[in-house]
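Survey of secondary and tertiary structure
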Amino acid sequence: MPAQQAAIGEVFSAGAEEFHRWSPLLWDPVGQATSEVSAPALGERVLDACCGAGASALPAARAVGPDGLVDAVDLAGALVALGERRARREGLANLRFHEHDVTAWAAPDGGYDLVQCALGVFFFPDMDRDTAKLAALLRPGGRLAVTV
């Protein structure tokens, strides 16, 4: 992972608990709104980029149901761990969290039906190039939803 991305992950991991305290007031409502607009459907495969503690990944996992799958990816391991705990509490076995650089993430065979990114693209080293990388992870006819 390049140094810039590692540094971003470390900063957000260091402040994860404080960052997460804002979830009910800020991150979760924005994540819910993002998921409502992106409209994940039953059985779809979703990539939730820059997932943090799961603000948009959790509603996406609920929407796709047990036959769908959500990959939630973030640089900050401590936020990923918080998201994993939240998903376990809800019994969302279809939601997988990954500590990884989403700009270097590979799509599953056939691509994703939906890639969503709530409040994360402005952290990309090159927003245009790296958002295009997210779009390239979509299957033909897939959807990209970005909240800024």
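So, here is what we can say about the structure in this document. (Residues numbered from 1 in each chain as written. Predicted model: local features only at pLDDT ≥ 70, side-chain atom pairs only at ≥ 80, totals over all residues. Heavy atoms only, no water.)

**Quick word on the overall build of the chain**
Here is the rule: Helix numbers and strand numbers start at the N terminus; a helix is a DSSP run of H or I with at least 4 residues, a strand a run of E with at least 2. The reference for a compact globule is 2.2 Å times residues^0.38; the radius of gyration itself is calculated from the C-alpha atoms. Relative accessible area decides the class of each residue, using a 1.4 Å probe on protein chains only: under 20% of the type maximum gives buried, over 50% gives exposed, and in between gives partly exposed. The contact criterion used throughout is that any non-hydrogen atoms of two residues lie within 4.5 Å. All accessible-area figures derive from a Shrake-Rupley calculation using a 1.4 Å probe, and residue coverage is judged against the displayed protein chains alone. The charged-residue count follows a simple rule in which Lys and Arg add positive charge and Asp and Glu add negative charge, with His and chain termini not counted at all. The location of each charge is read from NZ of Lys, CZ of Arg, CG of Asp or CD of Glu.
Of regular secondary structure, the chain possesses six helices and five strands. Traced from its N-terminal end to its C-terminal end, the chain shows the element sequence α-α-α-β-α-β-α-β-β-α-β. Relative to a compact globule of 148 residues, whose C-alpha radius of gyration would be 15 Å, the chain shows 14 Å and is just as compact. By principal-axis analysis of the C-alpha atoms, the chain measures approximately 35 × 35 × 25 Å. Scored against the burial criterion, the 148 residues of the chain give a buried share of 47%. The long-range share in the chain, meaning contacts at least 24 apart out of those at least 6 apart in sequence, stands at 76%. Summing over all exposed atoms, the chain offers an accessible surface of approximately 7100 Å²; the carbon and sulfur share of this is 58%. With 12 positive and 19 negative side-chain charges, the chain shows a separation of 4 Å between the mean positions of the two kinds.

**Considerations on the sheet that holds strand E5 (residues 138-147)**
As a reminder, the rule being used: Each pair of strands is called paired provided DSSP finds at least two bridges between the two strands. Note on definitions: angles span 0 to 180 degrees between N-to-C directions of axes, and those axes are lines fitted to C-alpha atoms, for helices only across the stretch in contact.
The strand order E3-E2-E1-E4-E5 describes an open sheet built from five strands, whose pairing is parallel. Each edge of the open sheet carries a strand with a single partner, namely strand E3 (95-99) and E5. Averaged over all pairs of adjacent strands, the angle between their axes in this sheet comes to 20°, without regard to strand direction. Sheet topology places strand E2 (residues 69-74) next to E3; five bridges connect them, and they run parallel. If you follow valine 73 over to E3, its bridge partner there is histidine 98. Helix-sheet contacts for helix H5 (residues 77-90) involve E2 and E3, and the interaxial angle to E3 is about 165°.

**With respect to the nonpolar core**
For clarity, the cut-off: To qualify as a nonpolar core, a set must consist of buried Ala, Val, Leu, Ile, Met, Phe, Trp, Tyr and Cys residues joined through side-chain atoms within 4.5 Å.
Ranked by size, the top nonpolar core spans 16 residues in total, and within it Val70, Leu95 and Phe97 carry the most contacts. Secondary-structure elements contributing two or more residues to this core are helix H4 (57-64), E2, H5 and E3. The greatest single-element share of this core, amounting to five residues, is contributed by H4.

**Quick notes on H4**
Most of H4 sits inside the fold, with six of its eight residues counted as buried. Burial in H4 covers these residues: Ala57, Leu58, Pro59, Ala60, Ala61 and Val64. Buried residues in H4 make contact with helix H3 (23-38), strand E1 (45-49), E2, H5, E3 and strand E4 (112-118). Glycine 65 occupies a position one or two residues after H4 and carries a positive phi of about 70°.

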